[in-house]
Amino acid sequence: MAFDPKEHQHERFNPLTGQWILVSPHRLKRPWTGQVEKPEEEVIPSHDPKNPLCPGSIRPNGKVNPEYDGVYVFDNDFPAMLPDVPSPAESDDPLERSRATTGACRVMCFHPRSDITLPLMMIEEIRKVIDEWSGQCTELGKTLKWVQVFENKGKVMGCSNPHPHCQIWAMSSLPNEASAEDMNQRDYLAKNGVPMLLKYARSEDEKRIRVLVDNEDWICVVPYWACWPYELLLMPRRRHILRMPDLTDSERNSLADIMKRLLTKYDNLFEVSFPYSMGFHGAPYGIPDSECQHWQFHAHYFPPLLRSATVKKFMVGFEMLAESQRDLTAEQAAEKLRNLPDVHYKLRK
């Protein structure tokens, strides 16, 4: 019997994290009798005065939002990190280690309307979002080592507020995921003489089997080592870029274009406002560029939906206790997404 990646289980290695992922395509044939999530096609008003993210609304701390008409950023009213707190005492016990960390947490609204999402925004509006992301990274990166821009979209991802927004958390230390990517990209450059994701983008561009969308400056793929069913990796197509503020004017325009296109594909898959967690990774701040040449700026998209708008992937049991597992292969997921219409389903009805 010859090995068939679409039929037989195997493991794939994620060079960014240094972890293996179990791929079990034959499991797609099993019946599903588990939990069913309700579709998220609820009617959302364009403005709700009781929504604390809307223009002119009162937030829980009593502060009033301005009547903003574009992007709006404010300090998180319930931050996970503060800029000035006491440091923990040193411990001689290697099993009870701790370290000091400081940081800042901000909320960023993409648009004044609550009934719109990034794939339904105009490219010019998305460009303004990118410019603000870049500005926030530059500002926070002056004093903090890691700036994490991330968006949780949809109730199944724990986002209870439908208003289009993201969060920006910055901290003085390098968090776990960034540390793993830093170490593995550094090792790859030392052994191969080229940044990992620069080489990977070129490889995917040549093979074309896992590419979802691309343009002159960017390429978006379902990575070979994808863990989530329709996970995506967005990378510069050719140029070596360390951080978001390094993007040129044309690269920011093309980033807005490809984000709108990939998110349209997401929504069109099950004709629902597709839930996901996403975020950008780039070189740490406060470190000379000469010491960060192993880094390549990129974005991760982690969506939970698997079989339909009502069935999602759960990371439980084996995934929590052993290693991540997926059923659909990366190649199958890429083909499904790639063949979807380029026009958003709400604009075709």
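For Leu144, the location among the structural elements is in the loop between α1 (123–140) and β5 (146–153). When sequence neighbours within four positions are dropped, the list of residues in contact with Leu144 reads Thr102, Gly103, Ala104, Ala170, Met171, Ser172 and Tyr285.

Right, let's talk about the packing of helix α2 (residues 176–192) against helix α3 (residues 196–207) for a bit. Axis separation between α2 and α3 bottoms out at 8 Å; the angle between their running directions is 75°. In terms of their interaxial angle, α2 and α3 are classed as roughly perpendicular. Here α2 contributes Asn184, Gln185 and Tyr188 to the contact with α3, which in turn contributes Met196, Leu197 and Lys199. Looking at side-chain class alone, the contact of α2 with α3 contains three nonpolar, two polar and one charged residues.

Right, let's talk about the packing of α1 against helix α4 (residues 249–270) for a bit. The description of two packed helices rests on the angle between their axes and on the distance between the axes. Direction vectors running N to C along α1 and α4 enclose 120°, while the axes themselves pass 9 Å from each other. Classed by the angle they form, the pair α1 and α4 counts as oblique. Where α1 crosses over α4, the handedness of that crossing is right-handed. Contacts between α1 and α4 involve Ile123, Ile126, Arg127, Ile130, Asp131, Trp133 and Ser134 from the first element and Asp249, Arg252, Asn253, Leu255, Ala256, Asp257, Met259 and Lys260 from the second. When its residues are assigned to classes, the contact of α1 with α4 shows seven nonpolar, two polar and six charged.

Turning next to the pairing of strand β7 (residues 211–214). Pairing between β7 and strand β8 (residues 218–221): three bridges, direction antiparallel. Within the sheet, the bridge partner assigned to Val213 lies in β8 and is Cys220.

Before going further, it helps to examine empty space enclosed by the protein. If you walk through the whole model with that rule in mind, you get three cavities of 30 Å³ or more. Space inside the largest cavity adds up to approximately 100 Å³. For the lining of the largest cavity, the element with the most residues is β5, which contributes three residues. In terms of residue class, the lining of the largest cavity is built from 10 nonpolar, two polar and one charged.

Take the nonpolar core next. When a protein is soluble and globular, its nonpolar side chains tend to lie buried together. Formed by 56 residues in total, the largest nonpolar core has its most connected members in Trp133, Leu234 and Tyr301. Examining the composition of this core, we find that nine residues originate from one element, α4, more than from any other. Listed in part, the 13 residues of the second largest apolar core include Leu197, Tyr200, Val221 and Trp225.

With that settled, consider the sheet that holds strand β14 (residues 325–326). Here we have three strands laid out as an open sheet, ordered β1-β2-β14, and mixed in their pairing. Taken across any chain shown, the strands that pair with only one partner, and hence form the sheet edges, are β1 (10–14) and β14.

Residues Glu90, Asp92, Asp93 and Glu96 make up a contiguous surface patch of negative charge. Its place among the elements puts Glu96 in the loop between β3 (72–75) and β4 (103–109). Since its relative accessible area comes to 56%, Glu96 is described here as exposed.

Scanning the model with the defined rule gives 16 aromatic pairs in all. Between Tyr266 and Tyr301, the aromatic rings sit 6.3 Å apart at their centres with planes inclined by 75°, giving edge-to-face as the arrangement. Taken together, the positions of Tyr266 in helix α4 and Tyr301 in strand β11 (residues 298–302) put the pair 35 residues apart, joining distant regions of the chain. Each of the two residues, Tyr266 as well as Tyr301, counts as buried. Of the aromatic side chains, those joined through ring pairs into one cluster are Tyr230, Tyr266, Phe270, Phe274, Tyr276 and Tyr301. It is Arg59 that lies over the ring of Phe74; its NZ or CZ is 4.0 Å from the centre. Here the guanidinium or amino end of Arg243 rests over the ring plane of Tyr285, the centre of that ring lying 5.4 Å away.

Right, let's talk about α4 for a bit. Its 22 residues place the ends of α4 34 Å apart at the C-alpha level, agreeing with the 32 Å of an ideal helix rising 1.5 Å per residue. Most of α4 sits inside the fold, with 16 of its 22 residues counted as buried.

Attention now moves to the state of the cysteines. Overall, the coordinates contain zero disulfides when judged by the stated rule. Free of any disulfide, Cys54 has its nearest neighbouring cysteine sulfur in Cys109, separated by 8.2 Å. When its relative accessible area of 0% is taken as the criterion, Cys54 is described as buried. Here Cys137 stays free of any disulfide, with the sulfur of Cys166 as its closest cysteine sulfur at 9.7 Å.

Another aspect to go through is the sheet that holds strand β10 (residues 276–281). The strand order across the open sheet built from nine strands is β3-β4-β6-β5-β10-β11-β9-β8-β7, with neighbouring strands paired in antiparallel fashion. The open sheet is flanked by β3 and β7, the only strands paired with a single partner. The mean inter-strand angle of the sheet, taken between neighbouring strand axes irrespective of direction, is 20°. Alignment of β5 against β10, held across four bridges, turns out to be antiparallel. Across the sheet, Lys153 pairs through a bridge with Tyr276, a residue of β10.

Parameters and conventions
- Just so you know, the residues in each chain are numbered from 1, in the order the chain's sequence is written.
- In keeping with the predicted nature of the model, local features appear solely for residues at pLDDT of at least 70, side-chain atom pairs appear and are counted solely at 80 or more, and the whole-chain, interface and lining totals rest on all residues.
- Hydrogen atoms and water are omitted, and side-chain values are computed over all heavy atoms in the structure.
- The secondary structure listing takes helices from DSSP runs of H or I that are at least 4 residues long and strands from runs of E that are at least 2 residues long, numbered from the N terminus.
- Contact between two residues is taken to exist if any of their heavy atoms lie within 4.5 Å; hydrogens are not considered.
- Note on geometry: axes are C-alpha line fits, over the in-contact stretch for helices, and angles between N-to-C directions span 0 to 180 degrees.
- By definition in this entry, angles of less than 35 degrees are roughly parallel, angles greater than 145 are roughly antiparallel, angles of 65 to 115 are roughly perpendicular, and the rest are oblique.
- Think of it as three bins: nonpolar holds Ala, Val, Leu, Ile, Met, Phe, Trp, Tyr, Cys and Pro, charged holds Asp, Glu, Lys and Arg, and polar takes everything else, Gly as well.
- Left-handed describes a crossing in which the near helix is turned anticlockwise from the far one by less than a right angle; the clockwise case is right-handed.
- At least two bridges found by DSSP between two strands is the condition for calling them paired.
- A cavity here means a set of 1 Å grid points, computed over protein atoms only, where a 1.4 Å probe fits but cannot escape. A pocket is an open set with protein on both sides within 12 Å along at least 5 of 7 lines, and lining residues have an atom within 4 Å of a point.
- Grid points are joined across faces, edges and corners, and a volume is the space filled by probe spheres set on the points.
- Only buried residues count toward a nonpolar core, which is a set of Ala, Val, Leu, Ile, Met, Phe, Trp, Tyr and Cys residues joined through side-chain atoms within 4.5 Å.
- The rule is simple: take the accessible area with a 1.4 Å probe, protein chains only, and divide by the maximum for that residue type; under 20% is buried, over 50% is exposed, in between is partly exposed.
- The patches described consist of residues with a relative accessible area above 30% and no salt bridge, like charges being joined within 9 Å and nonpolar side chains (Val, Leu, Ile, Met, Phe, Trp, Tyr) within 5 Å.
- Only the protein chains shown count as cover for residues, with accessible areas throughout obtained via the Shrake-Rupley method and a probe of 1.4 Å.
- The term salt bridge refers to a side-chain nitrogen of Lys or Arg lying within 4 Å of a carboxyl oxygen of Asp or Glu.
- Positive charges are assigned to Lys and Arg, negative charges to Asp and Glu, while His and the chain termini are left out of the count.
- For charged residues, the charge sits on one atom: NZ in Lys, CZ in Arg, CG in Asp, CD in Glu.
- Centre distance within 6.5 Å is the pairing criterion for rings of Phe, Tyr and Trp, where only the six-membered ring of Trp is used; planes under 30 degrees apart are then read as stacked, over 60 as edge-to-face, and the remainder as tilted.
- Note on geometry: a ring has a charge over it if NZ (lysine) or CZ (arginine) is within 6 Å of the ring centre and within 35 degrees of the ring normal.
- One less than the number of residues in a helix, times 1.5 Å, gives the span that helix is expected to have.
- Cysteine sulfur atoms are paired as a disulfide whenever they come within 2.5 Å of each other.

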